[in-house]
Amino acid sequence: MQIAIVGLGRMGYNLALNLKDNGHDVIGYNRSSAKVDEIVKEGVKGAYSIEEMLGTFDGRRVIWLMVPNGAPTQGMIDTIVPMLNEHDVLIDGGNSNFNDTLARYEVIKAQGVDFVDAGTSGGIEGARYGACSMVGAEDDVFAFIEPIFRDICVENGYLHCGRVGSGHYTKMVHNGVEYGMMQAIGEGFEILKASQFDLDYEKVAKVWNNGSVIRSWLMELAESAFKKSPQLSDIRGVIGSNGEGLWTVEEALKLNVPVPVIAGSLFVRNRSEQDESFSGQVVAALRNEFGGHAVENK
Ligand SMILES: NC(=O)c1ccc[n+]([C@@H]2O[C@H](COP(=O)([O-])OP(=O)(O)OC[C@H]3O[C@@H](n4cnc5c(N)ncnc54)[C@H](OP(=O)(O)O)[C@@H]3O)[C@@H](O)[C@H]2O)c1
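All of these numbers come straight from a predicted model, not from anything done at the bench.

Student: Help me understand the packing of helix H8 (residues 166-194) against helix H11 (residues 244-255) in this model?
Tutor: The geometry of a pair of packed helices is captured by two quantities: the angle between their axes and the separation between those axes. Closest axis-to-axis distance for the H8/H11 pair is 8 Å, and the angle between their directions is 105 degrees. By the angle class used here, H8 and H11 are roughly perpendicular. Note on element contacts: H11 touches H8 through Glu244, Gly245, Trp247, Thr248, Glu251 and Leu255, opposite Tyr169, Met172, Val173, Asn175, Gly176 and Tyr179. Among the residues forming the contact of H8 with H11, the class breakdown is six nonpolar, four polar and two charged.

Student: Whenever I open this one, the site of the ligand confuses me. Can you help?
Tutor: Neighbouring residues of the ligand: 19 residues in total, closest Met11, Asn30, Arg31, Ser32 and Val67. The separation between an oxygen atom of the ligand and a polar main-chain atom of Arg10 is 2.9 Å. At 2.8 Å from an oxygen atom of the ligand is found a main-chain nitrogen or oxygen belonging to Met11. Against a free-state accessible area of 890 Å², the protein chains account for coverage of 76% of the ligand. Counting only elements with at least two residues in the shell around the ligand, the list comes to helix H1 (10-21) and helix H4 (71-80).

Student: Explain the layout of surface pockets here, please?
Tutor: Over the atoms a probe the size of a water molecule is rolled, and this reveals where empty space is left. Empty space within the second largest pocket amounts to approximately 200 Å³. Forming the walls of the second largest pocket are Glu276, Ser277, Gly280, Gln281, Ala284, Ala285, Val295, Glu296, Asn297 and Lys298. Broken down by class, the residue content of the lining of the second largest pocket amounts to three nonpolar, four polar and three charged.

Student: Can you help me understand the domain arrangement of the protein chain in this one?
Tutor: Accessible area lost during the coming together of the parts is what is often quoted as the interface size. The domains assigned to the protein chain are domain 1 (2-164) and domain 2 (198-235). The straight-line distance from the C-alpha centre of domain 1 to that of domain 2 is 34 Å.

Student: Please clarify how the sheet that holds strand E1 (residues 2-6) should be interpreted in this entry.
Tutor: Within a sheet, adjacent strands bond to each other through the backbone by hydrogen bonds, running parallel or antiparallel. Read from one edge of the open sheet, eight strands run E3-E2-E1-E4-E5-E6-E7-E8, paired in mixed fashion. Looking at strand neighbours, the two that pair on one side only are strand E3 (45-47) and strand E8 (153-162), the edges of this open sheet. Across the sheet, the axes of successive neighbouring strands diverge by a mean angle of 25 degrees, strand direction being ignored. Sheet topology note: the strand E4 (residues 62-65)/strand E5 (residues 89-92) ladder contains four bridges and is parallel. Directly across from Leu65, in E5, lies its bridge partner Asp92. Packing against the sheet, H1 makes contact with E1, strand E2 (25-29), E4 and strand E6 (114-121), and its axis sits at approximately 165 degrees to E1. The strands that H4 touches are E1, E4, E5 and E6; relative to E4, the one it contacts most, it runs at about 160 degrees.

Student: Help me understand the nonpolar core, please; the structure alone is not making it clear to me.
Tutor: A general feature of soluble globular proteins is that nonpolar side chains tend to end up buried together. Among the nonpolar cores identified, the biggest contains 29 residues, and Trp64, Ile91, Val116, Ile145, Ile148 and Phe149 are the most heavily contacted of them. In terms of residues, this core owes the most to one element, helix H7 (residues 139-152), which gives six residues. Those residues within four positions of Trp64 in sequence are excluded, and the remaining contacts are Ile3, Ala4, Ile5, Val6, Leu15, Ile91, Gly93, Thr120, Ile148, Phe149 and Ile152.

Student: Help me understand helix H10 (residues 217-228), please; the structure alone is not making it clear to me.
Tutor: Between its first and last C-alpha atoms H10 spans 17 Å; for twelve residues at 1.5 Å apiece the expected length is 16 Å, and the two agree. Looking only at H10, the buried set comprises Leu218, Met219, Ala222, Glu223 and Phe226. The arc that holds the buried residues of H10, viewed along the axis, is 150 degrees, so those residues lie on one side. For H10, the exposed residues set more than 90 degrees away from the buried face come down to Lys227 and Lys228. Close packing links the buried residues of H10 with H8 and helix H9 (201-208).

The rules we used
Residues numbered from 1 in each chain as written. Predicted model: local features only at pLDDT ≥ 70, side-chain atom pairs only at ≥ 80, totals over all residues. Heavy atoms only, no water. Axes fitted to C-alpha atoms, helices over the stretch in contact; angles between N-to-C directions. Helix = DSSP H or I, 4+ residues; strand = E, 2+ residues; numbered from the N terminus. Parallel < 35°, antiparallel > 145°, perpendicular 65-115°, else oblique. Contact = heavy atoms within 4.5 Å. Nonpolar A, V, L, I, M, F, W, Y, C, P; charged D, E, K, R; others polar. Near = heavy atom within 4 Å. Polar contact = N/O pair within 3.5 Å; in protein donor to acceptor, adjacent residues only side chain to side chain. Areas by Shrake-Rupley, 256 points an atom, 1.4 Å probe, with all protein chains shown as cover. 1 Å grid on protein atoms, 1.4 Å probe; cavity = no way out; pocket = protein on both sides within 12 Å on 5 of 7 lines; lining within 4 Å. Points joined across faces, edges and corners; volume = space filled by probe spheres on them. Domains from an automatic or database assignment. Pairing = 2+ DSSP bridges. Core = buried A, V, L, I, M, F, W, Y, C linked by side-chain atoms within 4.5 Å. Buried < 20%, exposed > 50% of the residue type's maximum accessible area, 1.4 Å probe, protein only. Expected span 1.5 Å × (residues − 1). Arc of directions from axis to C-beta.

Structure, rendered in structure tokens:
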């Protein structure tokens, strides 16, 4: 199938190679040209403008956006959609907020273009060698593009979740689960580290990966990280976030679903980005005020 990838970053670049390896006719476009030069050397067709990219298609176009959510995705949609024909397919493969996706669907559909949301999991390696995709699409549109997902995903690694929006929704919740699972792993290793025992964390992660209940890809990644740096002494415990955990918690609050683990892991990330906590200062001051409890002075 002819398909264009817009955004040759960590994910888009590898998805383009994955598609090419699976026999698809891929055209790669990127905002800055160096990535296009690079992927052309790997045998993927390159386009240096949106016009050039759209001009390479013979028939119904399939355009896969793989850019950061929010303004970059909206900017690309605003640029590309007016240039598309009726029933060309635009796939947003990034981690967009499902509320944005639902709103975009109405606007894009009114212009005759078929819009699809595809949440992608499996990281960079997955994008390159076998991803997991959660897809929201109208049935006939999904039937047209299904060969793409059959080819780029691992076996049983894609799902037509339902109507447009359901792919990004399912991916959002997946990322909320991911926050909680990673936090539990982090906390477990912190208890091991604080203990009276001199444990080898790489070996612990390895044994937990062989036959245990908590064996997992995340635990394999923990094993790999401890192999590179046994005490992680070169890494600060500052944890970034791209919004999906926050959206999951917002949605849970809206639906009255209790999510203490996911919410807690989101708050841990927020706290990790602060050098000092004003709430901590206030509580320390209050304890000192009412009970004369000691405070640590700066
Ligand atoms: N990394 C992951 O593990 C992962 C997993 C699943 C989903 N995702 C999602 O996949 C999408 C891409 O992620 P990534 O990790 O590949 O990001 P990335 O490595 O930072 O690449 C971002 C890409 O978007 C382009 N871009 C950025 N701002 C743009 C703009 N305003 N207009 C046009 N193009 C723009 C960049 O072009 P330049 O080269 O010109 O900067 C680059 O090609 C995101 O929505 C992300 O949430 C990522």
